[in-house]
Amino acid sequence: MYSEVVMDHFKKPRNVGEMKDPDGVGEIGNPVCGDMMNIYIKVKDDIIEDISFQTFGCGAAIAVSSMLTEMAKGKTIEEAKKITNKSVAEALKGLPKNKLHCSNLGADALQLAIKDYEDRKAGKVRVRLPMEDAHTHADGDACKCPYCSGEIDPKHEFCENCGREISDIH
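Residues numbered from 1 in each chain as written. Predicted model: local features only at pLDDT ≥ 70, side-chain atom pairs only at ≥ 80, totals over all residues. Heavy atoms only, no water.

Visitor: So what's going on with the pairing of strand β1 (residues 24-29)? Which residues, and what values?
Guide: Of all six residues in β1, five are buried; the element is thus mostly enclosed. Across six bridges, the pairing between β1 and strand β2 (residues 36-44) is antiparallel. Among the inter-strand pairings, Glu 27 is bridged to a residue of β2, identified as Asn 38. (Buried < 20%, exposed > 50% of the residue type's maximum accessible area, 1.4 Å probe, protein only. Helix = DSSP H or I, 4+ residues; strand = E, 2+ residues; numbered from the N terminus. Pairing = 2+ DSSP bridges.)

Set out below in structure tokens:
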């Protein structure tokens, strides 16, 4: 069952839509469940002045995207880098275990948008891979537990760090 906070962000999502001329874009998808997210950021004086999203996915994925934008808006880049999968899930007052993968996508999409912004600022051109090619995370190939941010071994049903059930994350 979804929390009231999840339902509110699903029914009345904040900051929805493609952004014209963003300073950074984070694109991520999970081919297993079909969720896809785009996060767009506008940065001024090292502060995320505006942020928006487009999400194709379930109600939890939409709620995660909406909450994530609320959490990041007005934050400095360094503060936004500290937004984790766990903090998004906690701000939503929890997600059903079979929807925890959605919180992973949201935080990772933000980190990719920040990386894109920093790369553009440094004059680097980022080659974008199609979202359906791979399920990857901003911090590498490993999936992280949304509760403790420890690396998840997909062969295990529980997080080895905090002991919470994670078998339905993927």
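There is more to say after this.
Visitor: How would you sum up the pattern of salt bridges? Please name residues and give values.
Guide: With the rule as written, the count across this model stands at eight salt bridges. The partner of Lys 81 in a salt bridge is Glu 118, with the nearest N and O atoms 2.8 Å apart. With Lys 81 in helix α3 (residues 77-81) and Glu 118 in helix α5 (residues 100-121), the pair connects residues that are 37 residues apart, well separated along the chain. A relative accessible area of 32% means that Lys 81 is categorised as partly exposed. (Salt bridge = Lys/Arg side-chain N within 4 Å of Asp/Glu carboxyl O.)

Visitor: Describe the sheet that holds strand β3 (residues 47-56), and please don't skip the residues or the numbers.
Guide: Read from one edge of the open sheet, three strands run β1-β2-β3, paired in antiparallel fashion. In this open sheet, the two strands that pair with only one neighbour each are β1 and β3. For this sheet, the mean angle separating the axes of adjacent strands, direction not counted, is 15°. Along the sheet, helix α2 (residues 59-72) makes contact with β2 and β3, crossing β3 at roughly 175°. (Axes fitted to C-alpha atoms, helices over the stretch in contact; angles between N-to-C directions. Contact = heavy atoms within 4.5 Å.)

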